[in-house]
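Chain by chain, the residues run as shown.
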Amino acid sequence: MLFDFERDFAASLRCIPMIARQKLDIVGIKLSLRQWSRFSREERGSLADLPCETEQEQAAYSERVARLIALRSDEPLRPLATRGLEAWQKGAQMPDAVRIQAQADGIAPPTTAQWAALQPLQRFALVKLARSKHENENFVPAMREFGLLPPHAGLLHNADPSINPSQAPSAHGHLPN
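A brief report on the enclosed structure follows. (Residues numbered from 1 in each chain as written. Predicted model: local features only at pLDDT ≥ 70, side-chain atom pairs only at ≥ 80, totals over all residues. Heavy atoms only, no water.)

Structural notes on the overall build of the protein
1) Next: Looking only at helices and strands, one finds ten helices and two strands in the protein.
2) Next: Ordering the α and β elements of the protein from the N terminus gives α-α-β-α-α-α-β-α-α-α-α-α.
3) Next: Looking at the protein as a whole, 42% of its 177 residues qualify as buried.
4) Next: Nonlocal contacts in the protein, meaning residues at least 24 apart in sequence, comprise 59% of its contacts between residues at least 6 apart. (Helix = DSSP H or I, 4+ residues; strand = E, 2+ residues; numbered from the N terminus. Buried < 20%, exposed > 50% of the residue type's maximum accessible area, 1.4 Å probe, protein only. Contact = heavy atoms within 4.5 Å.)

What follows is the structure, given as structure tokens:
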């Protein structure tokens with residue numbers, strides 16, 4: 001499963017899609033893009049597709065990743081420094097990182113009810129995008145895709161600087177007349 005916001009860079013599996021990143025986080029493995037790129041297209045696809053919910057599936061997934069790293073990469077397997085699973089697994093409490101990123105982007109963060117209604121992979125994506133130093137430009141598109149923003153919200157955030165600020169959307173997301 002690929003989200004619309006990641007199709008440009010993940011559809012070819014050149015980059016690690018959120019579904020695989022979530023599974024890697026679950027099993028506690030930090031996989032570099034360099035390691036990922038050394039895997040065959042089929043191997044990358046299998047890491048996106050393999051189940052990783054039960055303890056048995058997680059052990060099999062971890063073993064598969066470790067085997068691929070040993071086989072294809074000259075870098076060692078690295079465990080995640082902090083797993084932070086609770087940040088996206090808890091539907092009742094939105095992590096501060098998501099709220100902070102939404103404020104930085106000039107948009108409203110998800111409400112408690114909206115956060116709770118998201119699928120776990122959607123919550124994972126928002127947490128990852130909020131914490132990422134180089135991918136948070138996809139935070140607003142992800143919020144829009146997940147139905148947390150109107151279709152045009154955030155579009156003027158990175159717009160042409162020649163646009164008069166008085167022409168920006170109002171707090172309610174409506175464009176001026």
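Additional details are given in the paragraphs that follow.
What to know about helix H4 (residues 41–49)
1) Next: Along H4, the residues that are buried comprise Glu 43, Arg 44, Gly 45, Ser 46, Leu 47 and Ala 48.
2) Next: Check the buried side of H4 and you find it contacts helix H2 (18–27), helix H3 (33–38) and helix H5 (55–72).

What about the packing of H2 against H4?
1) Next: Put simply, H2 and H4 touch, their axes get as near as 8 Å, and they point 70 degrees apart. Of the possible angle classes, the one that applies to H2 and H4 is roughly perpendicular. In terms of crossing hand, the pair formed by H2 and H4 is left-handed. On H4, the residues that touch Ile 19, Ala 20 and Lys 23 of H2 are Leu 47, Ala 48 and Asp 49.
2) Next: Of the residues assigned to the contact of H2 with H4, the class counts are four nonpolar, no polar and two charged. (Axes fitted to C-alpha atoms, helices over the stretch in contact; angles between N-to-C directions. Parallel < 35°, antiparallel > 145°, perpendicular 65-115°, else oblique. Left-handed = near helix turned anticlockwise from the far one by under 90°. Nonpolar A, V, L, I, M, F, W, Y, C, P; charged D, E, K, R; others polar.)

Topic: the nonpolar core
1) Next: Counting residues in each nonpolar core, the largest one holds 43 residues, and the members touching the most others are Leu 126, Phe 139 and Phe 146.
2) Next: Elements represented by at least two residues in this core include exactly H2, H4, H5, helix H6 (86–89), helix H7 (96–104), helix H9 (120–131) and helix H10 (139–145).
3) Next: Broken down by element, this core gets its largest block of residues, seven residues, from H9.
4) Next: Other than its neighbours up to four places away in sequence, Phe 146 contacts Phe 3, Phe 5, Leu 118, Gln 122, Ala 125 and Leu 126. (Core = buried A, V, L, I, M, F, W, Y, C linked by side-chain atoms within 4.5 Å.)

Some words on the pattern of salt bridges
1) Next: Enumeration over the complete set of coordinates arrives at seven salt bridges.
2) Next: Note that Asp 25 is salt-bridged to Lys 128, the shortest N-O span being 3.1 Å. Linking Asp 25 in helix H2 with Lys 128 in helix H9, this pair joins segments that are 103 residues apart in sequence.
3) Next: Here Asp 74 and Arg 38 are joined by a salt bridge, their closest N and O atoms 3.7 Å apart. One end of the pair, Asp 74, is in the loop between H5 and strand S2 (78–79); the other, Arg 38, is in helix H3, with 36 residues separating them in the sequence. (Salt bridge = Lys/Arg side-chain N within 4 Å of Asp/Glu carboxyl O.)

Some details on the environment of Thr 54
1) Next: Considering the arrangement of structural elements, one finds Thr 54 in the loop between H4 and H5.
2) Next: A distance of 3.0 Å separates a polar atom in the side chain of Thr 54 from the backbone nitrogen of Glu 57. (Polar contact = N/O pair within 3.5 Å; in protein donor to acceptor, adjacent residues only side chain to side chain.)

Considerations on the environment of Met 143
1) Next: Here Met 143 shows up in helix H10.
2) Next: Residue classification places Met 143 among the buried residues on the basis of a relative accessible area of 0%.
3) Next: Note: C-alpha distance between Met 143 and Leu 126 (17 residues apart in sequence) is 7.6 Å.
4) Next: Beyond its immediate chain neighbours, meaning those up to four positions away, Met 143 contacts Ile 107, Ala 108, Pro 109, Pro 110, Leu 126, Leu 148 and Leu 149.

Considerations on the packing of aromatic side chains
The relation between two aromatic rings is expressed through the spacing of the ring centres and the mutual angle of the planes.
1) Next: Counting across every chain of the model gives five aromatic pairs.
2) Next: Measuring from centroid to centroid gives 5.4 Å for Phe 3 and Phe 5, while their planes differ by 15 degrees, and the two rings are stacked.
3) Next: Here Phe 3 falls in the buried class, since its relative accessible area comes to 3%.
4) Next: Judged by its relative accessible area of 8%, Phe 5 falls in the buried class.
5) Next: A connected cluster of aromatic rings, assembled from ring pairs, spans Phe 3, Phe 5 and Phe 146. (Phe/Tyr/Trp six-rings, centres within 6.5 Å; stacked < 30°, edge-to-face > 60°.)

Purely geometric stuff here, so don't read any function into it on its own.
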